[in-house]
Every structure is written in structure tokens, then in C-alpha cells.
Amino acid sequence: MPVPVVLTGRLTRLEPLAAHHVEGLAQAGAEDRTSYAFTPVPYGMDSARGYVERALAEQAAGRAVPFAVVRADDGRVVGSTRFQELDYWQGPLMWPPVSGVPYGDPVTAVPDAAEIGNTWLAPHAQGTGINTEAKLLMLRHAFETWRLRRVSFRADARNVRSRAAIERLGATCEGVRRAHSRGLDGVVRSTAFYSILDEEWPAVRAVVELRLSAGRSGAACGLALGDVGPRPRGSGDRLIPA
């Protein structure tokens, strides 16, 4: 089971999600909610408390590693993200395969593949570079510490902004699974799947680091962080996988 860890960057700090983040999550989720159509975001203290409790239950079961996204300059909680869909490929080959169960000591086991998802940011933190840096921190940990073979992402096929953000990371679209599941709005949704493989990581890392560096240079010229370079029309610097 992966050990919770603090991941620190220049713009953001990813802290292991805990009860003391409840109030900050409630405040972040209380801002304009129009961008939350495709991903669950807590609303109010009770909702935020339940959100954290469910995430920690997933962590205790070895199915997720959740984080609070904290702005580095003032320590304000601005959202959440997590590793999920942890998969383990070590040990003897079993058929049928058993997903999500580590071989050997579960306390020391690390996954071979994982998904980054359940990501949301308060509106004031979107388009600031925080999301891009958070993804860089998580991908770096996944590929360079855990030595993962694959990191995946998914998004409601209708979520154009989320899909554009994933593609800007350099992830490869594996296709769209039609009529895949029920969305938050009750509509049966199709889901777009993406991935980055370990051999692709060096090139992906170089591109993401260049984007962040360009964002810092742009800020010095009066541009918002993360708002440099060509972007698909209507896209933002945010990743909101559903």
C-alpha cells in the first residue's frame, strides 16, 4: 500500500488528505460551482466531512491515495486530487487476474499502474498553473519514485476543458468508451480514456516543465500563470476528470 507523502512545488503543495482539511475544502467548494458539472465537489461542512471520510476509507482499503491541493504562498486549500485505480502486476501470474491486490507485504507494496483523477480546483485557482504543477508533482512521484509503468486519466467525453487539459500534459487518447456509465447529471455518459507510459515520461516531463517555466516568464510580463502558449478554444488550465 503506497505511503501518503507530501509533494511540494513552487505554486502548490499536495498534502495527504486529512480531517483538518475539511473546512478548507468546504470553503473552496463554496465558490462559483458552474465548472463542477462533471466531477463531485463537496458543498458545505457536512458534505466536505463526508468527502474526506470516504476518501480516507478508500485509502485505508488500499484503493486510493488522496491529496488536498494547497496553495504554496498562503497555505490555503484550493481543491483535491488523488491517485486511484491502483493496480499491481508483480508476483505469480494468476488467471483470472485479480485487480488492485498487491503481491507480498501490502504495507510496502507500490503499484505498477495508477490513475490520476477526482481532481477539482476552486474557480480562483483555475488557470493559475496550480493544476499543471500538481500534475507534474504526481507524475514525477508515480514514474520516478513508484516506478510505475502506466498512469491513466479519464474524463466525461462532454468535458471539453478537462480533455484539453489532459491532452496538454502529453497523454495519449486511447479512445472513447461509449455509453460507459451514468454521469453526475443522470445522463448515461461516454468516457474518454488517456494514458502516459513510463518510456514516454521523459518527453512529457520536459514539455510540462517548459510550460511551467513559460508561465513564470509570462507572469513577469503581466500574464497569468499557465496562460501562455496555444490552447484549444474554450480550454482552461484545469483538469476536472469525472
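Undergrad: I'd like a rundown of the overall build of the chain, residues and numbers included.
TA: Summing up its helical and strand segments, the chain has 5 helices and 8 strands in all. Counting from the amino terminus, the chain carries its helices and strands in the arrangement β-β-α-α-β-β-β-α-β-α-β-β-α. Relative to its 242 residues, the chain shows a buried fraction of 46%. Taking all contacts inside the chain whose residues are at least 6 apart in sequence as the whole, residues at least 24 apart take part in 68%. By element, 55% of the accessible surface of the chain is carried by carbon and sulfur atoms, the whole surface being about 11,700 Å².

Undergrad: Would you mind going over the packing of helix α1 (residues 22-29) against helix α2 (residues 45-60) in detail, with residue names and values included?
TA: Packing of α1 against α2 leaves a shortest axis separation of 8 Å and a crossing angle of 120 degrees. In terms of their interaxial angle, α1 and α2 are classed as oblique. Handedness of the crossing formed by α1 with α2: right-handed. Residues Val 22, Glu 23, Leu 25 and Ala 26 of α1 pack against Met 45, Ala 48, Arg 49, Tyr 51 and Val 52 of α2. Of the residues in the contact of α1 with α2, the class split is 7 nonpolar, no polar and 2 charged.

Undergrad: I'd like to hear about the pairing of strand β2 (residues 12-16), residue by residue, with values.
TA: Relative to β2, strand β1 (residues 7-8) runs antiparallel, the two sharing 2 bridges. The partner of Thr 8 across the bridge, within β2, is Arg 13. Hairpin connection from β1 to β2: 3 residues lie between these consecutive antiparallel strands. Both β2 and strand β3 (residues 64-71) contribute to a ladder of 5 bridges, which runs antiparallel. Note that in β3 the partner of Glu 15 across the bridge is Ala 68.

Undergrad: Could you give an account of α2, naming the residues involved and the relevant values?
TA: For α2, spanning 16 residues, the distance from its first C-alpha to its last is 22 Å, which sits close to the expected 22 Å at 1.5 Å a residue. All buried positions along α2 are accounted for by Ala 48, Gly 50, Tyr 51, Val 52, Ala 55 and Gln 59. Backbone geometry just downstream of α2 places Gly 62 in the positive-phi region, at approximately 80 degrees.

Undergrad: Residues and numbers for the pattern of salt bridges, please.
TA: The tally for this structure, following the rule as stated, stands at 15 salt bridges. Measuring nitrogen to oxygen at the nearest pair gives 2.3 Å for the salt bridge that ties Arg 205 to Glu 144. Taken together, the residues Arg 205 in helix α5 (residues 201-220) and Glu 144 in helix α3 (residues 130-145) connect sequence positions 61 residues apart. For Glu 209, the salt bridge goes to Arg 205, with nearest N and O atoms at 2.7 Å. With Glu 209 and Arg 205 both in helix α5 and 4 residues apart, the pair spans about one turn of that helix. Glu 209 sits in the partly exposed class, given a relative accessible area of 31%. Given a relative accessible area of 24%, Arg 205 falls into the partly exposed group. Via salt bridges that share partners, Arg 140, Glu 144, Arg 205 and Glu 209 belong to a single interconnected network.

Undergrad: Describe the environment of Asn 118, naming the residues involved and giving the relevant values.
TA: On the secondary structure map, Asn 118 appears in strand β5 (residues 113-121). For Asn 118 and Phe 38, which are 80 residues apart along the polypeptide, the C-alpha to C-alpha distance reads 9.9 Å. Within the structure, the side chain of Asn 118 is placed 2.7 Å from the side chain of Gln 84, a separation counted as a polar contact.

Undergrad: Explain the side chain of Glu 133 to me, using residue names and the numbers behind them.
TA: Among the structural elements, Glu 133 can be located in helix α3. Of the residues examined, Glu 133 reaches a relative accessible area of 5% and is grouped as buried. In this structure the side chain of Glu 133 is engaged in a polar contact, spanning 2.8 Å, whose partner is the backbone nitrogen of Thr 12. Not counting residues up to four positions away in its chain, the partners in contact with Glu 133 are Gly 9, Arg 10, Leu 11, Thr 12 and Leu 212.

Calculation notes
- Residues numbered from 1 in each chain as written.
- Predicted model: local features only at pLDDT ≥ 70, side-chain atom pairs only at ≥ 80, totals over all residues.
- Heavy atoms only, no water.
- Helix = DSSP H or I, 4+ residues; strand = E, 2+ residues; numbered from the N terminus.
- Buried < 20%, exposed > 50% of the residue type's maximum accessible area, 1.4 Å probe, protein only.
- Contact = heavy atoms within 4.5 Å.
- Areas by Shrake-Rupley, 256 points an atom, 1.4 Å probe, with all protein chains shown as cover.
- Axes fitted to C-alpha atoms, helices over the stretch in contact; angles between N-to-C directions.
- Parallel < 35°, antiparallel > 145°, perpendicular 65-115°, else oblique.
- Left-handed = near helix turned anticlockwise from the far one by under 90°.
- Nonpolar A, V, L, I, M, F, W, Y, C, P; charged D, E, K, R; others polar.
- Pairing = 2+ DSSP bridges.
- Expected span 1.5 Å × (residues − 1).
- Salt bridge = Lys/Arg side-chain N within 4 Å of Asp/Glu carboxyl O.
- Polar contact = N/O pair within 3.5 Å; in protein donor to acceptor, adjacent residues only side chain to side chain.

Scope: geometric values only; no functional claims are made or implied.
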